[in-house]
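Tertiary structure, described
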Amino acid sequence: MSAALIVDLGLALSILGLGVWTVAARSHNGAVVGYIAYGLLVALVWVRLAAVDVALTEAAIGSGLTGLLLLGVATRLPRSARQPSPTAGRWTRLLAGVLSATVAGGLAAVVLLLPDPAPTLAPSVAANLPATGLGNPVTGVLIAFRAIDTLLESVVLVFAIIGVWSLAPKDGWGERPGWLRPAPLGSALTLLAQLLPPIGILVGIHLFWTGANAPGGAFQGGAVLAAMWVLAMIAGLTRPPAVSRRRLRLVLVIGPALFLAVGVAGIWLAGDFLAYPVAYAKPLILVIEAALTLSIAAALGLLLAGPPEAPSAAERQP
Amino acid sequence: MTAVTLFGLCGAALVGLGLYGLIVLPGALRRIIAFNLLGSGVFLLFGVIARRGGGAIAGTGSDPVPQALIITGLVVAFAATALAVALLRRLLQETGRDDWDEAGEADR
């Protein structure tokens, strides 16, 4: 057994252990913290699986932003709900256990019986990548070969914002989002929120820019930028913008709108929807990615900031 | 057994674990976490298939097409989680409870 395999075995066991913990933990806070640690370890697994782009996304969005979202609600649950007693009966649990074990067993059998040699699209991606002018095959798939997925995904983020905003209380519409309640100024958090964002914003822009040729891209860069914005909001250095502001809504939709416009223009200029004219492929992709990064950062930050609330309602919340 | 198979089995176990939690856990927050666990297991299975398809050409250790799908999936999972948390917080605001069972059922 090689050293690398021992490390991988340790990683796999830690992940499974943390997974069991998030299901079995008695306190909600414990389960959420377990899930954050789980996400960070899964990011390491992605590196071991040679998927560094996915690792960056997992660490930033799967662990970081999701963790913040879950922690925000876990600390607000009523005391009676903090110590859950299992409401599912013994038979329900037994049946659920049998069902889950069957599904897991079936998937494990599929993993063990995967065809060899494995089917792959990597050679066709490598053959067509030069036409896009990009060096990172994952970015090439995201923005060119499977552009429709990415376009729809950026629209999903806008829909999620609409869904969250529509949960505003009766008197909250048009106000500022109310989830992120600033800590008192002068705490260590204030210092962190002053020191980290200049570096974080650079890292976010670097991730977007380097994504053309190395691991990174619009989603990873956007997530880091969103994290910096949320940090400043939590520390009270900046307030979430009122949802009725036109400029905010413009920033939210500029990425998907530009992507769609270039895609439609492709019907005439390159012969197909979402096709790029080869001579202008690289500049067009960079412009789309820049707009997407901005929109994704705004959407992720606003999803964490929650629906708009009237100022008084924010004070009344437990 | 190779590392790739190991992580594949790990992904399969996580799907089962998430499914179990989704069914039996009380309270919406714990079910949201279990749902994310289930999704994470599915992504790991995708990643394993991507890794097996990699190495066909120099410079890629992993098939980029499933990788791109996983990135898309992670972002969509986050958006869905945010919406679910927003619904839960609204439920808390309205009723002070974190579940939608009848009051009598919750006291079982």
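Residues numbered from 1 in each chain as written. Chains lettered and ligands numbered in written order. Predicted model: local features only at pLDDT ≥ 70, side-chain atom pairs only at ≥ 80, totals over all residues. Heavy atoms only, no water.

This is how it is decided: UniProt positions are given in the numbering used here, feature names are shortened, and annotations may be inferred rather than shown by experiment.
Identification of chain B as NADH-quinone oxidoreductase subunit K from Allochromatium humboldtianum is taken from an unreviewed UniProt entry. Here is the UniProt Subcellular location (unreviewed entry) comment for chain B, exactly as written: "Cell membrane". For chain B, the Sequence similarities (unreviewed entry) comment in UniProt is given as "Belongs to the CPA3 antiporters (TC 2.A.63) subunit C family."

Going by what an unreviewed UniProt entry lists, chain A is known as DUF4040 domain-containing protein and is assigned to Allochromatium humboldtianum. The heading Sequence similarities (unreviewed entry) in the UniProt record of chain A holds the text "Belongs to the CPA3 antiporters (TC 2.A.63) subunit B family." Heading Subcellular location (unreviewed entry) of the UniProt record for chain A holds this comment: "Cell membrane".

**A closer look at the overall build of chain B**
This is how it is decided: A run of H or I in DSSP becomes a helix once it reaches four residues, and a run of E becomes a strand once it reaches two; helices and strands are each numbered from the N terminus. Between buried and exposed lies partly exposed: a residue is buried under 20% and exposed over 50% of the maximum accessible area for its type, with that area taken using a 1.4 Å probe on protein chains only. In short, Shrake-Rupley with a 1.4 Å probe defines the accessible areas, and a residue's cover is counted only from the protein chains shown.
Counting its regular elements, chain B contains 4 helices and 0 strands. Reading the helices (α) and strands (β) of chain B from amino to carboxyl end gives α-α-α-α. Buried positions account for 60% of the 108 residues belonging to chain B. Surface accessibility of chain B: about 3,900 Å² in total, with carbon and sulfur atoms responsible for 64%.

**Notes on the interface of chain B and chain A**
Filter applied, for reference: Throughout, a contact is declared for two residues whenever any of their heavy atoms are within 4.5 Å. By convention, the term buried area covers the 1.4 Å-probe accessible surface removed from two parts as they join, with the contributions of both added. The salt bridge definition used is simple: a Lys or Arg side-chain nitrogen within 4 Å of an Asp or Glu carboxyl oxygen. Pairs of N or O atoms within 3.5 Å make up the polar contacts considered here, provided that, within protein, one atom can donate a hydrogen while the other can accept it, and that residues adjacent in sequence are counted only when both atoms are side-chain atoms. Ten residues, namely Ala, Val, Leu, Ile, Met, Phe, Trp, Tyr, Cys and Pro, are considered nonpolar, four, namely Asp, Glu, Lys and Arg, are considered charged, and the remaining ones, Gly among them, are considered polar.
Opposite the 72 residues of chain B that make contact, chain A presents 94 residues. Contact between chain B and chain A buries roughly 7,300 Å² in total, counting both sides, with carbon and sulfur atoms accounting for 78%. Ranking the residues of chain B by area buried against chain A places Arg 30, Phe 78 and Arg 89 of chain B at the top, with a combined share of 11%. Counting across the chain B and chain A interface gives 0 salt bridges. Connecting chain B to chain A are 12 residue pairs in polar contact (both at pLDDT 80 or more). Where the side of chain B that touches chain A is concerned, the elements lending two or more residues are α1 (3–24), α2 (28–53) and α3 (64–95) of chain B. Within the side of chain B that touches chain A, the residues separate by chemical class into 47 nonpolar, 17 polar and 8 charged.

**Here's the deal with the UniProt feature "transmembrane region" (unreviewed entry) in chain B**
Residue and element names in this part refer to chain B. Following the UniProt record, one finds the feature "transmembrane region" (unreviewed entry) at residues 6–25, 32–49 and 69–88. Spanning residues 6–25, this segment combines 95% helix with 0% strand, and its end C-alpha atoms are found 28 Å apart. In residues 69–88, helix accounts for 100% and strand for 0%; the two terminal C-alpha atoms are 28 Å from one another.

**As for the packing of helix α8 (residues 147–165) of chain A against helix α11 (residues 246–269) of chain A**
In a pair of packed helices, the angle between the axes and the distance between the axes together describe the arrangement. Residues and elements named next belong to chain A. This is how the line gets drawn: Note on method: axes are straight lines fitted to C-alpha atoms, helices fitted across the in-contact stretch only, with angles between N-to-C directions ranging 0 to 180 degrees. Angles are sorted into four bins: roughly parallel if under 35 degrees, roughly antiparallel if over 145, roughly perpendicular if 65 to 115, and oblique for all others. Take the far helix as the reference: if the near one is turned anticlockwise from it by less than a right angle, the crossing is left-handed, and if turned clockwise, right-handed.
One way to put it is that α8 packs onto α11 with a least axis distance of 9 Å and a crossing angle of 155 degrees. Regarding the angle of α8 to α11, the classification is roughly antiparallel. Here α8 runs over α11; the crossing is left-handed. Only Leu 248, Arg 249, Leu 252, Val 253, Pro 256, Phe 259 and Leu 260 of α11 make contact with α8, whose side of the interface consists of Ala 147, Thr 150, Leu 151, Ser 154, Val 155, Val 158, Ile 161 and Trp 165. Class assignment of the residues belonging to the contact of α8 with α11 gives a composition of 12 nonpolar, 2 polar and 1 charged.

**Quick look at the UniProt feature "domain: Na+/H+ antiporter MnhB subunit-related protein" (unreviewed entry) in chain A**
Per the UniProt record, "domain: Na+/H+ antiporter MnhB subunit-related protein" (unreviewed entry) is found at residues 190–297 of chain A. End C-alpha to end C-alpha, residues 190–297 of chain A measures 21 Å, and it is 73% helix and 0% strand.

**Looking at the confidence of the model for chain B**
Our working rule: pLDDT: the predictor's confidence for each residue, scored from 0 to 100.
This prediction gives chain B a mean pLDDT of 85; 85% of its residues lie at or above 70. For this predicted complex, the interface confidence score (ipTM) comes to 0.91, while the overall pTM stands at 0.91.

**Observations concerning the packing of aromatic side chains**
Residue and element names in this part refer to chain A. We count it as follows: Each aromatic pair joins two rings of Phe, Tyr and Trp (for Trp, the six-membered one) with centres within 6.5 Å, and gets the label stacked for planes under 30 degrees apart, edge-to-face for over 60, and tilted for any other angle.
For the coordinates displayed, the defined rule picks out 3 aromatic pairs over all chains. Geometrically, the ring pair formed by Trp 165 and Trp 173 is edge-to-face, given 6.5 Å between the ring centres and 70 degrees between the ring planes. When the centroid spacing of 6.3 Å and the interplanar angle of 70 degrees are considered together, the rings of Phe 208 and Trp 209 count as edge-to-face. Under the relative-accessibility criterion, Phe 208 is labelled buried at 11%. The exposed category is assigned to Trp 209, whose relative accessible area is 54%.

**Overview of the nonpolar core**
Heads up, the condition is: Here, the term nonpolar core denotes a set of buried Ala, Val, Leu, Ile, Met, Phe, Trp, Tyr and Cys residues that are joined through side-chain atoms within 4.5 Å. Domain borders in the structure are assigned automatically or taken from a domain database.
Formed by 98 residues in total, the largest nonpolar core has its most connected members in Trp 46, Ile 143, Phe 259, Tyr 276, Leu 300 and Leu 303 of chain A together with Leu 29 of chain B. It is α3 of chain B that provides the largest number of residues to this core, a total of 13 residues. Two domains share this core, each providing at least three of its residues, namely domain 1 (1–77) and domain 3 (136–318) of chain A. Setting aside its immediate chain neighbours within four residues, Phe 259 of chain A contacts Ile 143, Ala 147, Thr 150, Leu 151, Leu 274, Tyr 276, Ile 288 and Leu 292 of chain A. If you look at the next biggest cluster of nonpolar residues, it comprises 5 residues, including Val 111 of chain A together with Leu 19, Leu 38 and Leu 45 of chain B.

**Structural notes on α11 of chain A**
Residue and element names in this part refer to chain A. Convention followed: The span you would expect from a helix comes to 1.5 Å times its residue count less one.
With 24 residues, α11 extends 32 Å between its outermost C-alpha atoms, agreeing within 8% with the 34 Å of an ideal straight helix rising 1.5 Å per residue. Among all positions in α11, only Leu 248, Leu 252, Gly 255, Pro 256, Phe 259, Val 262, Gly 263 and Gly 266 are buried. Tucked into the core, α11 has its buried residues touching α7 (137–145), α8 and α12 (281–305). Just downstream of α11, Gly 271 is the residue with a positive phi angle, here 90 degrees.

**Looking at empty space enclosed by the protein**
Put simply, the rule reads: Buriedness for pockets is judged along seven lines, at least five of which must meet protein on both sides within 12 Å for an open set on the 1 Å grid over protein atoms alone, while cavities are sets there where a 1.4 Å probe fits but cannot get out, and lining residues have an atom within 4 Å of a point. Grid points are joined across faces, edges and corners, and a volume is the space filled by probe spheres set on the points.
All chains considered together, the criterion is met by 3 cavities of 30 Å³ or more. Reported here for the largest cavity is a volume of approximately 110 Å³. Tyr 35 of chain A together with Asn 36, Phe 43, Leu 74 and Ala 77 of chain B are, among the 13 residues lining the largest cavity, the residues nearest its centre. Counting only elements with at least two residues in the lining of the largest cavity, the list comes to α3 (52–74) of chain A together with α2 and α3 of chain B. Looking at the lining of the largest cavity residue by residue, the class counts come to 6 nonpolar, 6 polar and 1 charged.

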